[in-house]
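Observations on the model geometry
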Amino acid sequence: MTIAARTNTTLAATITQTNLVAAIKTAMTNAGFSTLYDDYTSTNRILVYEVVIDASKTYGKNYFVVSISSALVIATQIFSTWNASTHTGTGGSAATTFTAFATASSISFAAFNGGDEFKLVVAVQGSVVIVIGSLVPASKPTWWDLNLWNWGFYPTATNLSTWKSPSINPYSNENYQFLMLTSTFLATANPQTNKRDVITGLLLASSSNTGIAGKTSDDLACVCASGSSRYDTIQPTGTTQVFTVLNNASGGFAVRTT
């Protein structure tokens with residue numbers, strides 16, 4: 001698939017709704033999202049991005065919604081369809097609401113553009129970490145019909161282990177989890193190689209306990225990242241590949257950047 005390109009930006013204090021919206025727009029563009037599909041103000045400022053998987057299919061597009069409040073609270077959601085004229089969608093998941101940013105500290109943004117497979121933005125302000133973006137795994141089950149269900153997910157936790165899809169899906173359950181991520185068995189370096197093990201290709205399971213919803217390419221990985229720092233790099237033994245750690249914990253999430 002596509003090795004992720006990383007772009008770093010910073011939003012200096014004082015943080016306002018207006019400059020936070022502008023900074024998120026820039027980071028989303030850097031992550032590979034196309035021109036905004038919808039951009040309006042209700043109670044909050046709402047940004048809507050279209051992700052096209054197969055435009056010929058009934059549910060071949062996803063709509064990723066980012067809401068930014070005047071209190072600097074970010075919420076995210078994913079929809080099956082979106083009407084930019086009425087600012088409404090169908091097949092929406094439950095919204096995920098993150099911890100509010102403070103006004104007096106700068107925010108760093110790291111955007112990872114993984115081509116068609118993933119587009120992720122990590123926003124960090126001290127202990128507050130927010131991950132927003134889209135995932136379309138490299139492989140979906142052969143029976144998954146885009147004329148019946150959407151195909152696409154967004155992260156609901158900063159450790160990137162849990163995700164949601166639109167409510168139009170084959171499981172009647174919009175929640176998913178990556179197997180092995182956050183596993184305490186995958187903590188620190190291998191004592192024989194003194195390197196941290198990297199497990200490439202992640203399996204996404206439905207929370208309905210009925211099987212595998214998809215598999216990523218080998219450009220996404222689970223790593224032994226306990227004791228490391230966010231954005232540390234790991235080179236698997238015997239390769240020239242480099243993975244960047246997004247969640248520096250046991251069974252951490254990493255993306256290939258070289």
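Below, the structure is looked at part by part. A quick note: this is a predicted structure, and the numbers were derived from the prediction, not measured. The written sequence of each chain sets the order in which its residues are numbered from 1. For a predicted model such as this one, the threshold for reporting local features is a pLDDT of at least 70, and the threshold for listing and counting side-chain atom pairs is 80 or more; totals across whole chains, interfaces and linings nevertheless cover every residue. With hydrogens and water stripped out, all remaining heavy atoms of the structure feed into the side-chain values.

A few words on the overall build of the protein. Per the convention used, a helix needs a DSSP run of H or I reaching at least four residues, while a strand needs a run of E reaching at least two, with both numbered from the N terminus. Per the secondary structure count, the protein includes 1 helix and 21 strands. Only C-alpha atoms enter the radius of gyration; for comparison, a globular chain is expected to reach 2.2 Å times N to the power 0.38, where N is the number of residues. Against the compact-globule benchmark of 18 Å for 258 residues, the protein has a radius of gyration of 18 Å, which places it among compact chains. If you line up the protein on its principal axes, its C-alpha atoms span 60 × 50 × 30 Å. Under the scheme applied here, a residue whose accessible area is under 20% of the maximum for its type counts as buried, over 50% as exposed, and between as partly exposed, the area being computed with a 1.4 Å probe on protein chains only. Each of the 258 residues in the protein was classed as buried or not, and the buried ones make up 49%. Intrachain contacts of the protein at a sequence separation of at least 6 include 53% that bridge at least 24 residues. For every accessible area listed, the method is Shrake-Rupley and the probe measures 1.4 Å; residues are considered covered only by the protein chains on display. Accessible surface computed for the protein: about 10,700 Å², of which carbon and sulfur atoms make up 49%. When checking whether two residues touch, look at their non-hydrogen atoms; a contact exists if any pair is within 4.5 Å.

Our focus in this paragraph is the packing of aromatic side chains. When two rings of Phe, Tyr or Trp (its six-membered ring) have centres within 6.5 Å they constitute a pair, described as stacked for plane angles under 30 degrees, edge-to-face for angles over 60, and tilted for the intermediate range. One pass over the full model with this rule turns up 17 aromatic pairs. Measuring from ring centre to ring centre gives 5.1 Å for phenylalanine 79 and tryptophan 82, while their planes differ by 75°; the resulting arrangement is edge-to-face. Each member of the pair, phenylalanine 79 as well as tryptophan 82, carries the same accessibility label: buried. A network of ring pairs unites the aromatic residues Trp143, Trp144, Trp149, Trp151, Phe153, Tyr171 and Tyr176 as a single cluster. Distance and angle both matter: a charge sits over a ring if NZ of Lys or CZ of Arg is within 6 Å of the ring centre and within 35 degrees of the ring normal. It is arginine 6 that lies over the ring of tyrosine 231; its NZ or CZ is 4.3 Å from the centre.

A word on unusual backbone geometry. Of note, the bond from alanine 13 into threonine 14 is cis; its omega dihedral lies within 30 degrees of zero at 10°. With respect to the secondary-structure elements, threonine 14 resides in the loop between strand E1 (5-11) and helix H1 (17-30). Although it is not a glycine, leucine 160 adopts a positive phi angle of roughly 60°. Checked against the element boundaries, leucine 160 lands in the loop between strand E12 (154-155) and strand E13 (162-164). In this structure, methionine 180 is a non-glycine residue whose phi angle is positive, near 80°. Checked against the element boundaries, methionine 180 lands in the loop between strand E14 (175-178) and strand E15 (198-200). The exposure class assigned to methionine 180 is partly exposed, which follows from its relative accessible area of 44%.

Taken in spatial order, the 4 strands of this open sheet run E1-E9-E10-E11, and their pairing is antiparallel. The open sheet has two free edges, formed respectively by E1 and strand E11 (128-135), since each of these has just one partner strand. Neighbour to neighbour, the strand axes of the sheet diverge by 15° on average, direction disregarded. Pairing analysis gives 8 bridges linking strand E10 (residues 118-125) to E11, with the strands arranged antiparallel. In this analysis, strands are considered paired if DSSP registers two or more bridges between them. Orientation is described by lines fitted to C-alpha atoms, with helices fitted over the stretch in contact, and by angles between N-to-C directions that extend from 0 to 180 degrees.

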